[in-house]
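Structural characterization, general
Residue strings, one per chain:
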Amino acid sequence: MLLQAPASALRHGEIVAFPTETVYGLGANALIETAVQQIFALKGRPQDNPLIVHLADKEKLDQLVKNIPPEFYRLYEDFCPGPLTFVLEKTDLIPDQVSAGLNTVAVRFPDQKICQLLLRLADVPVVAPSANISGRPSATRASHVLDDFKDRIPFIIDDGATELGVESTVIDLTGSMPRILRPGVITADEIRAVSGIEVLSYKDGLEEGDLKRPASPGLKYRHYAPDARVIQVCSKDGKSLEAAVLSELDQLSDQKAGLFINEKSWDKLRLQTVIAEREIIKYLFAAENPDEAAAHELYAALRALDAAGVDVILAEAIPGAEAYMNRLDKACASENMEKEEVKKILFVCTGNTCRSPMAAALFNSYAEEKQQASKIKWKALSAGLHTMDGLAASQSAVSVLCESGIDISGHSSVQLTEELLAEADIVATMTRSQRDILRGFLPALESKIKTLSEWADERGRESAGDVPDPYAQPEAVYRETRNHLQALIESLWQQINSQPGD
Ligand code: AMP
Ligand code: MG
């Protein structure tokens, strides 16, 4: 049996690329830390982007996740095996690296014959991010995997083009309502219709901007991007797709252009003299069922047009094709995303009504003033170690910040969660004891948890001091706290913006 060798290699910690119904995956045994580490290294994947664990079926699922909600079983019944990934609470068996320090893990049951066989033979949970170098278009053919990893991995299993072409839908089942974190072929509407389960769609989830349930960490990164610039074209305001293509081409007269559009539109376009006269590289998809056809071909097209050396790719936008448009938007936005990285600083105090909301507001106000010129943007959030959600900032905190022209009257307290800690790039506590509590709680994140004074200190001295709690003291004490925080934030700004590699 041909799959025996790769299955055994996978089980013992080697890397095996294999097809799924969505895209090709770069697989490793999820329980062997060195194998998981190798996946990050091979892909150049940021460590805070968690991996999806692949299983043949749910038989041994309860070894990996706990507190499985009833919705899971309904969705499993209706959609699995299939392109649906579940975010669930993890057990200690899952290495921290797999979940990037989160207390949740993503699991999926792929619907692809070879993949199912391989998973059954390997008989271990398998992490398998898309088999591409991080940031590049995902691999939907074995040749794409070869292009990115030739001679670097021992096995690539070829089973032709993948059936769907875009990654799975990721659904978070750990909150009060299931929420789609990454759009895929299975939509919120379909889940409602088939399983009768109310789901927050990807779009609604984004609009809600729920602080306590941050979206997928991976979504902030540059993705799916070819080397060429990608521009979306579509018919709008009574103008046809062909007219939109011609007007874009007109503006790009000195560039070698590639086209990714439907066959019917190409049939009309090719008769135009401008097209006949210019060297245009085309990659077409079927005009029938364009949503599926475009999704199926997108990554192959981006890769092929890149290989043909085009400077710019005009790609057809298909409004309403949620998963396809999500990937296309990322392919277009990639340059900006990379340049305008937004980092998060999380200020932590006890109640999230005095010190930490003051610090976050002072930081954001200072950052707004200073960061015009800087490549990295910073955003501050705040949370409390022991608090309740929804408390207002203390009256004196509001008053003394008002004197500095900053309004925190709309503040609403937030209880600290593991997700908030995991999502933050740096965490600044007010006191050393708060710092120690957090470090004790999440030792894996220790290096990014320091007191504000330590972050502000040039030499990062451990003993740099606390910011005392002004709670229930006269307003003058709050004013001192404000001035103390302001001074620390100005020094902190110097430190975080002068790190190597900036
Ligand atoms: P890829 O493996 O490249 O398809 O990426 C996996 C996606 O799943 C990333 O966007 C991750 O952010 C998301 N994901 C994996 N694990 C989790 C998790 N525990 N919570 C939220 N999102 C996750
Ligand atoms: Mg990927």
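Here the structure is shown first, and the text comes after it.
Notes on the structure in this doc start here. Nothing here was measured: the structure is a model prediction, and the numbers come from that model.

Quick look at the packing of helix H16 (residues 395-403) against helix H20 (residues 475-496) now. Here H16 crosses H20 at 55°, and the two axes come no closer than 9 Å. By the angle between their axes, H16 is oblique relative to H20. Our pair here, H16 against H20, has a crossing hand that is right-handed. Residues Ser396, Ala397, Ser399, Val400, Leu401 and Glu403 of H16 pack against Glu475, Tyr478, Arg479 and Arg482 of H20. The class makeup of the residues in the contact of H16 with H20 is 4 nonpolar, 2 polar and 4 charged.

Our next topic: helix H7 (residues 142-149). Every buried residue belonging to H7 is among Ala142, His144, Val145, Asp148 and Phe149, and all of these are buried. The arc that holds the buried residues of H7, viewed along the axis, is 155°, so those residues lie on one side. Those residues of H7 hidden inside the fold are in contact with strand E1 (16-19), strand E2 (24-29), helix H2 (33-43), strand E8 (155-156) and helix H13 (290-307). Immediately downstream of H7, the backbone of Asp151 shows phi near 65°, a positive value.

On to the sheet that holds strand E16 (residues 377-384). Strand order in the open sheet made by the 4 strands is E16-E15-E17-E18, with parallel pairing throughout. With one partner strand each, in any of the chains shown, E16 and strand E18 (449-451) form the two edges of the open sheet. Pairs of neighbouring strands in the sheet enclose a mean axial angle of 25°, with direction left out of account. For strand E15 (residues 342-349) and strand E17 (residues 426-429), the ladder comprises 4 bridges, and the chain directions are parallel. Each bridged residue has a counterpart across the sheet, and for Ile345 the counterpart in E17 is Ile426. This element, helix H15 (residues 355-370), spans E15 and E16 of the sheet and lies at about 170° to E16. Running over the sheet, H20 touches E15, E16 and E17 and is turned about 140° from E15.

Turning to the packing of aromatic side chains, a few remarks are in order. All told, the structure shown has 12 aromatic pairs when counted by the stated rule. Between Phe72 and Phe86, the aromatic rings sit 4.8 Å apart at their centres with planes inclined by 70°, giving edge-to-face as the arrangement. Separated by 14 residues along the polypeptide, Phe72 in helix H4 (residues 70-79) and Phe86 in strand E5 (residues 84-90) bring together distant segments of the chain. The exposure class assigned to Phe72 is buried, which follows from its relative accessible area of 0%. Ring plane angle 55° and centroid distance 4.9 Å describe the contact between Phe260 and Phe285, whose orientation is recorded as tilted.

This part is about unusual backbone geometry. Each neighbour pair has its own omega, and for Cys80 with Pro81 the value is -5°, a cis peptide bond. Mapped onto the fold, Pro81 is located in the loop between H4 and E5. For Asn352, which is not glycine, the phi torsion reads 55° and is therefore positive. Among the residues examined, Asn352 registers a relative accessible area of 0% and is labelled buried. The residue Ala472 is not glycine, and still its phi comes out positive at about 65°. Among the residues examined, Ala472 registers a relative accessible area of 68% and is labelled exposed.

Our focus in this paragraph is the side chain of Thr162. With respect to the helices, strands and loops of the structure, Thr162 is situated in the loop between E8 and strand E9 (169-172). Given the relative accessible area of 3%, Thr162 is considered buried. Polar contacts involving the side chain of Thr162 include one to the main-chain carbonyl oxygen of Thr22, which spans 2.8 Å. Apart from residues lying up to four places away in sequence, Thr162 is in contact with Thr20, Glu21, Thr22, Val23, Tyr24, Thr140 and His296.

What counts, and at which threshold
- Along each chain, residues carry numbers from 1 onward, in the same order as the chain's sequence is written.
- Here every chain gets a letter starting at A, and every ligand a number starting at 1, in the order they are written.
- For this predicted model, a pLDDT threshold of at least 70 governs which residues receive local features, and a threshold of 80 or more governs which side-chain atom pairs are given and counted, while totals over whole chains, interfaces and linings are taken from all residues.
- To obtain the side-chain values, all non-hydrogen atoms of the structure were included, while hydrogens and water were left out.
- Only C-alpha atoms enter the line fits that serve as axes; for helices the fit covers just the stretch in contact. Angles between N-to-C directions range over 0 to 180 degrees.
- Labels follow the DSSP assignment, with helices taken as runs of H or I lasting at least four residues and strands as runs of E lasting at least two, numbered in each case from the N terminus.
- Roughly parallel here means an angle under 35 degrees, roughly antiparallel means over 145, roughly perpendicular means 65 to 115, and every remaining angle is called oblique.
- The handedness criterion is simple: a crossing whose near helix is rotated anticlockwise from the far helix by less than a right angle is left-handed, and one whose near helix is rotated clockwise is right-handed.
- Here, residues are in contact when the closest pair of their heavy atoms is within 4.5 Å.
- Under the grouping applied here, Gly and all other residues not named as nonpolar or charged are polar, the nonpolar ones being Ala, Val, Leu, Ile, Met, Phe, Trp, Tyr, Cys and Pro and the charged ones Asp, Glu, Lys and Arg.
- The classification of residues rests on relative accessible area computed with a 1.4 Å probe and restricted to protein chains. Under 20% of the type maximum is buried, over 50% is exposed, and intermediate values are partly exposed.
- Think of it as the arc spanned by the lines of direction from the helix axis to the C-beta atoms.
- Two strands are counted as paired when DSSP detects at least two bridges linking them.
- Only rings of Phe, Tyr and Trp enter the pairing, Trp through its six-membered ring, and a pair is recorded when the two centres are within 6.5 Å. The plane angle decides the type: under 30 degrees is stacked, over 60 is edge-to-face, the rest tilted.
- Here a polar contact is recorded for every N or O atom pair within 3.5 Å, except that within protein the pair must consist of a potential hydrogen donor and a potential acceptor, and residues adjacent in sequence are included only if both atoms are side-chain atoms.

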